[in-house]
Every structure is written in C-alpha cells, then in structure tokens.
Amino acid sequence: DFEAPGGQLWICEMDFEAPAYAAQRANALLFSLIRSTEPYLDVYAESISDMFRSIKAKSRSVTIVAATGRHYGLVATKKKPDEDSSPSEYLDLRFNEDGEYRVGDTHLKVWESKEEKRSP
C-alpha cells in the first residue's frame, strides 16, 4: 500500500529510453501497428519523467533497473511522516558506466520464428 508510510510501489513498464524501444519506433510498419492500438502512447511516454519526479518526491528511496531489453522495473519506498524534508535516494541503474543499456533485447526479430531461435 503506497498510501501507508513505509509502503512500497513496484512498477514494471515499457522503457521509452531503451535502445530496443527506439529501434522499434524506427521500424515504420511496426510503429504504425503499435500506433493503431495505442494512439496515446507518445503522450504517455512524455509523461514518464513527470511520474518519476512525483514518485521521487513522495519516496524515501527509488530504484530503477532494466528488467528486459525494453522494460524497466521500479521499486519505491514511501517516506514516513518524519522524513518529509529528507532527500530521496534515487538510483537509476538501467544504463552502465559507458551509457549502454544493461539488458540486451531478447525479443524475436520480425524475420525470426521461435523455432529458429531455439536451434543451435
């Protein structure tokens, strides 16, 4: 319960900053298919930084990690009432020191099948 002091919020969501997501958007056919089912995806993507700021303001600690090549995982622990003025611990571990995304994209390419992926 994120309403309770010390409660936690866990999120796993599409990471619009992941290189694999950028490659997906660069494919015109795939992007048009996504757009047809998710017409407000750009609006949502643009709101993620605001969501991170809001969560950080209400949390004692926030940790974000690369969950897959296209998704992040976030765990935030809410501040207790006496911690309101203390700064949050904010760890964004999605990228390594060289700026590369920590998890490779494991999704099938459009020309692959699951059977091809399994073969040696």
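Predicted model only: the values in this text are computed from it and were never measured.

A. Representation of a nonpolar patch on the surface within the structure. Side chains of Val-65, Leu-91 and Leu-93 sit close together on the surface and give an oily, nonpolar patch of about 200 Å² of accessible area. Mapped onto the elements, Val-65 comes out in strand β2 (residues 59–66).

B. Layout of helix α3 (residues 41–58). If you check α3, its first and last C-alpha atoms are 25 Å apart, about what 18 residues at 1.5 Å a residue would give, namely 26 Å. The sharpest bend along α3 reaches about 35° and sits at Ile-48. Within α3, burial applies to Leu-41, Asp-42, Ile-48, Phe-52 and Ile-55.

C. Up close: the pattern of salt bridges. For the structure shown, the criterion picks out 8 salt bridges. For Arg-25, the salt bridge identified is with Asp-42, shortest N-O distance 2.7 Å. Placement of Arg-25 in helix α1 (residues 19–26) and of Asp-42 in helix α3 is noted, with a sequence separation of 17 residues between them. With a relative accessible area of 33%, Arg-25 lands in the partly exposed category. Taking the shortest distance from any N to any O, the salt bridge between Arg-53 and Asp-50 comes out at 2.2 Å. Taken together, the positions of Arg-53 and Asp-50, both in helix α3 and 3 residues apart, correspond to about one turn of that helix.

D. Spotlight on α1. Those residues of α1 lying buried are Ala-20, Tyr-21 and Gln-24. Projected down its long axis, α1 carries its buried residues within an arc of 100°, all on one side.

E. Spotlight on the environment of Leu-91. Along the chain, Leu-91 turns up in strand β4 (residues 89–92). The spatial distance from the C-alpha of Leu-91 to the C-alpha of Ser-61 is 8.0 Å, given a sequence separation of 30 residues. Setting aside residues up to four positions removed in sequence, Leu-91 forms contacts with Val-62, Thr-63 and Ile-64.

F. Geometry of the packing of aromatic side chains. Per the stated rule, a full pass over the model turns up 4 aromatic pairs. A centroid spacing of 4.9 Å and a plane angle of 85° characterise the contact between Phe-16 and Tyr-21, whose relative ring orientation is edge-to-face. On the basis of relative accessible area, Tyr-21 is assigned to the buried category, the value being 2%. The interplanar angle of 75° and the centroid separation of 5.2 Å between the aromatic rings of Phe-95 and Tyr-101 together place this pair among those described as edge-to-face. We classify Phe-95 as partly exposed; its relative accessible area is 25%. Taken together, the ring pairs connect Phe-16, Tyr-21 and Tyr-44 into an aromatic cluster. Above the plane of the ring of Tyr-90 lies Lys-56, whose end atom (NZ or CZ) is 5.0 Å from the centre.

Reading guide: rules and limits
Every chain's residues receive numbers from 1 upward, in the order its sequence appears when written. Two thresholds apply to this predicted model, a pLDDT of at least 70 for residue-level local features and 80 or more for giving and counting side-chain atom pairs, whereas whole-chain, interface and lining totals are computed over all residues. To get the side-chain values, all heavy atoms of the structure are used, and hydrogens and water are removed first. For patch building, the residue pool is restricted to those with more than 30% relative accessible area and no salt bridge; the joining distance is 9 Å between like charges and 5 Å between nonpolar side chains (Val, Leu, Ile, Met, Phe, Trp, Tyr). Areas reported as accessible are Shrake-Rupley estimates using a 1.4 Å probe. Residue values count occlusion only from the protein chains shown. Salt bridge, as used here, is a side-chain nitrogen of Lys or Arg placed within 4 Å of a carboxyl oxygen of Asp or Glu. In this text, helices come from DSSP runs of H or I with a minimum length of four residues, and strands from runs of E with a minimum of two, each type numbered from the N-terminal end. Residue count minus one, scaled by 1.5 Å, sets the expected span of a helix. To get the bend at a given residue, fit one axis to the seven residues ending there, fit another to the seven starting there, and take the angle between those axes. Each residue's exposure class comes from its accessible area (1.4 Å probe, protein chains only) as a fraction of the maximum for that residue type: buried when under 20%, exposed when over 50%, partly exposed otherwise. By construction, the arc corresponds to the directions joining the helix axis to the C-beta atoms. Two residues qualify as a contact provided that any one of their heavy atoms is within 4.5 Å of a heavy atom in the partner residue. Any two of the Phe, Tyr and Trp rings considered here, Trp counted by its six-membered ring, make a pair once their centres fall within 6.5 Å; the pair's planes then place it as stacked at under 30 degrees, edge-to-face at over 60, or tilted in between. Distance and angle both matter: a charge sits over a ring if NZ of Lys or CZ of Arg is within 6 Å of the ring centre and within 35 degrees of the ring normal.

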